Amino acid sequence: MYKFVIGLLLMNFLVNAYNPTIYELSLRPWLYELTNKYGRKISKLNDIPMEEFQNLKDIGVDYVWLMGIWQLGQYGLDFDRAHANDYKSNLPDFTIDDVIGSPYAITEFVCNSELGTDQDIINLRQKLNDMGLKLMLDFVPNHSAIDSPYRTSNIDYYIRAPPNTPTPYDSEYYLPDGVSYGGDQWDGFWKDTAQWNYWNPDTRNYLKSVVKKIASMSDGMRCDMAMVILNDLFYNKWKPQLDAWGYKRPSTEFWSEAIKETKQQYPNVIFLAEVYWSKEQDLINLGFDYVYEKWLLDQQATLDVGKVRPILSNLDFNYASHSNHFVENHDEPRAIIKFSGKDYISCVAALMSYSLPGARFINHGQLEGLSNKLDVHLRRSYKENGSTYVKQFYGKILAILKRDSFKSGNWTQLNVTGDQYWKFFAFRWTSSSDKIVVIINFSEGSGYGLVKLSDASSGQQTITELMSGQTYVRSGDDMRNNGLGVIVDGWNAQIFKYF
């Protein structure tokens, strides 16, 4: 079988930072859900019943990300409705009213007038803070909406066709005025957006002011596709246009400037990067508090413990503690779909990810065990009942994950020994009042393993399996010297509190 470092090396770290739980709410679809739930129109920030946020607080959420709060334009809505048939795969019974426009085609970073005002955002943040929650908002750095007022007032803020380009401009790449559609080096162009020019100092200064404005109104911001504006990647994509207009490579990265300057004014605001292409550590180095960690998810989804083990065997603590761990988000398939339609595997994968240091990310609809994706262009997903298993599972583990030991305790990755060690992963979280070990069988079929608990107290003690509430009497000396013996069903876990 697979033999990796995890069977030989125990990793023990003090978690210096809080390990927050971040809950993404697709804002306009959520308001549509609330309208149906309460039987009255709920379309403004001021209309949201605060008990909805209290429910999130009660399950251990720290940050509420209200995705899609900024002003959109008519161009993007018309564009999406012209391509409405593209949404049938996600919403077979859609109507044109279900198409609400992409929240990533932003005209200005002011509150969407359909939702309220900037002051309403500020007021909501204060209410959330008063109940112990924090507010996260979007920053979309790469592009604006086509109909942003800056496209006419400050056209040089944008990437433009080289001066010698014959007109009319090629509509595959450019708008009629020569401004390029937004894009990146892998995904082509998004034709409801216009591309900011990050090698223009005036553009950078404007967008840094946007970052500071968002920080003044929130406790954190999720930065969309944050890696695409890194100088190297940006030049790879836009070299002909940048060279033709004589723009020079900036001496620093935008993010290092923006984050440093922002945190000087708002030291407690956190930055979360959506990032891929092996640029995660680069963005941590530039100041991001948390970065998307998709590699673990993709290996979990193979359902092959042998592909997961090297990642955790060689886990870098600094990287893990700056990672945003998730099994789904609005871009990914629903977790159940990602894990081959097996709700129970999606759950144990989530527990594994949430048992690591770093941010724990929950997506809108994840806790209900939904399978149908909520497309960001739509106000609803296809109706379903969700998974009872998922609902019950999260009901149990979220009550455990909200404990201080998981939020700000000491984290250790433990050895699992025995002939079937290869099935298992084990993680210990401890605080002044708690000692908890999470033991996961990430494979088919039950398995037996031993986990040494070096900090177990001497003498007989009653340990509690927190998922089931079952108690057992065990010798602390035996758990220390020989190990706690466990039998765990396939694709399942046990979580023990001991002394």
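None of the values given here were measured: they were computed from a predicted structure.

**Quick notes on the overall build of the protein chain**
Scanning the protein chain from N- to C-terminus turns up 17 helices and 22 strands. Its C-alpha radius of gyration of 24 Å places the protein chain within 12% of the 23 Å reference for a compact globule of 499 residues. Projecting the C-alpha coordinates of the protein chain onto the three principal axes gives extents of approximately 80 × 55 × 40 Å. Residues classed as buried in the protein chain amount to 56% of the 499 residues present.

**Description of the layout of surface pockets**
Taken as a whole, the largest pocket spans an internal volume of roughly 830 Å³. Every residue lining the largest pocket is counted, 32 residues in all, and those nearest its centre are Trp30, Glu33, His364, Glu368 and Leu370. Of all elements in the fold, only β2 (21-26), α1 (27-38), α2 (50-58) and α15 (388-401) reach the threshold of two or more residues within the lining of the largest pocket. With seven residues, the top contributor of residues to the lining of the largest pocket is α1. Looking at the lining of the largest pocket residue by residue, the classes come out as 14 nonpolar, eight polar and 10 charged.

**Side note on the sheet that holds strand β10 (residues 220-223)**
Within the closed barrel, the eight strands sit side by side as β2-β3-β6-β10-β11-β12-β13-β14. Their pairing is parallel. With direction set aside, neighbouring strand axes in the sheet form an average angle of 30°. Pairing of β10 with strand β11 (residues 270-273), which is carried by four bridges, proceeds in the parallel orientation. Residue Gly220 lies in a different strand from β11, and its bridge partner there is Ile270. Sheet strands in contact with helix α8 (residues 254-265) are β6 (134-139), β10 and β11, and its direction is about 155° off that of β11.

**Description of the pattern of salt bridges**
Evaluated as defined, the whole model comprises 29 salt bridges. Here Glu261 and Lys208 are joined by a salt bridge, their closest N and O atoms 3.1 Å apart. Here Lys208 lies in helix α6 (residues 201-217) and Glu261 lies in helix α8, a separation of 53 residues in the sequence. On the accessibility criterion, Glu261 (26% relative accessible area) is partly exposed. Lys208 sits in the buried class, given a relative accessible area of 8%. With a shortest N-O distance of 3.0 Å, Lys239 and Asp243 are connected by a salt bridge. Highlighted residues: Lys239 and Asp243, both in helix α7 (residues 231-244), separated by four residues, approximately one helical turn. Judged by relative accessible area, Lys239 falls into the partly exposed class, the value being 40%. We classify Asp243 as partly exposed; its relative accessible area is 36%.

**Some words on the packing of aromatic side chains**
Applying the stated criterion to the full structure yields 34 aromatic pairs. Between Tyr157 and Trp196, the ring centres sit 6.4 Å apart and the planes meet at 55°, which makes this aromatic pair tilted. Residue Tyr157 is located in the loop between α5 (150-153) and β8 (181-184), and its partner Trp196 is located in the loop between β9 (188-195) and α6; the two are separated by 39 residues in the primary sequence. With respect to class, Tyr157 is no different from Trp196; both count as buried. Members of the aromatic cluster, connected to one another through ring pairs, are Trp70, Phe109, Phe139, Tyr198, Phe234, Phe254, Trp255, Phe271 and Phe288. Residue placement shows Arg309 over the ring face of Phe425; its charged tip is 4.5 Å from the ring centre. Note that Arg360 overlies the ring of Trp429, its terminal NZ or CZ placed 5.3 Å from the centroid.

**Some details on empty space enclosed by the protein**
The full count for this structure, using the stated rule, is six cavities of 30 Å³ or more. Of the residues belonging to the lining of the largest cavity, the class tally is two nonpolar, five polar and four charged.

**Topic: the UniProt feature "domain: Glycosyl hydrolase family 13 catalytic" (unreviewed entry) in the protein chain**
Annotation from UniProt places "domain: Glycosyl hydrolase family 13 catalytic" (unreviewed entry) at residues 26-407. Across residues 26-407 one finds 40% helix and 14% strand; the C-alpha atoms that close the span lie 25 Å apart.

**Looking at the nonpolar core**
With 151 residues, the main nonpolar core has Phe139 and Trp255 as its most contacted residues. Among the elements that line this core, the one with the most residues is helix α14 (residues 343-354), at eight residues. When residues no more than four places from it in sequence are discounted, the contact partners of Phe139 are Phe109, Tyr198, Leu207, Val210, Val211, Ile214, Met221, Arg222, Cys223, Asp224, Phe254 and Trp255. Membership of the second largest hydrophobic core comes to six residues, among which are Ala84, Tyr87, Phe94 and Leu378.

**A word on the environment of Ser468**
Inspection of the secondary structure assignment puts Ser468 in the loop between β19 (460-465) and β20 (471-475). The class of Ser468 is exposed, set by a relative accessible area of 52%. Through-space distance from the C-alpha of Ser468 to that of Phe496 is 9.9 Å; in sequence the pair is 28 residues apart.

**What to know about the pairing of strand β16 (residues 424-430)**
Taken across its seven residues, β16 has seven buried, putting it largely inside the fold. Going residue by residue along β16, you find Phe424, Ala426, Arg428 and Thr430 tucked away on one face and Phe425, Phe427 and Trp429 tucked away on the opposite face as well. Pairing of strand β15 (residues 410-414) with β16 involves five bridges; the strand directions are antiparallel. Paired with Trp411 across the bridge in β16 is Trp429. The sheet contact formed by β16 and strand β17 (residues 435-441) spans seven bridges and is antiparallel. Opposite Phe425, over in β17, you have Ile440 as the bridge partner.

Thresholds, definitions, all that
- Residues numbered from 1 in each chain as written.
- Predicted model: local features only at pLDDT ≥ 70, side-chain atom pairs only at ≥ 80, totals over all residues.
- Heavy atoms only, no water.
- Helix = DSSP H or I, 4+ residues; strand = E, 2+ residues; numbered from the N terminus.
- Rg over C-alpha atoms; globule rule 2.2 N^0.38 Å.
- Buried < 20%, exposed > 50% of the residue type's maximum accessible area, 1.4 Å probe, protein only.
- 1 Å grid on protein atoms, 1.4 Å probe; cavity = no way out; pocket = protein on both sides within 12 Å on 5 of 7 lines; lining within 4 Å.
- Points joined across faces, edges and corners; volume = space filled by probe spheres on them.
- Nonpolar A, V, L, I, M, F, W, Y, C, P; charged D, E, K, R; others polar.
- Pairing = 2+ DSSP bridges.
- Axes fitted to C-alpha atoms, helices over the stretch in contact; angles between N-to-C directions.
- Contact = heavy atoms within 4.5 Å.
- Salt bridge = Lys/Arg side-chain N within 4 Å of Asp/Glu carboxyl O.
- Phe/Tyr/Trp six-rings, centres within 6.5 Å; stacked < 30°, edge-to-face > 60°.
- Lys NZ or Arg CZ within 6 Å of the ring centre and 35° of its normal.
- UniProt positions renumbered as here; feature names shortened; annotations may be inferred.
- Core = buried A, V, L, I, M, F, W, Y, C linked by side-chain atoms within 4.5 Å.

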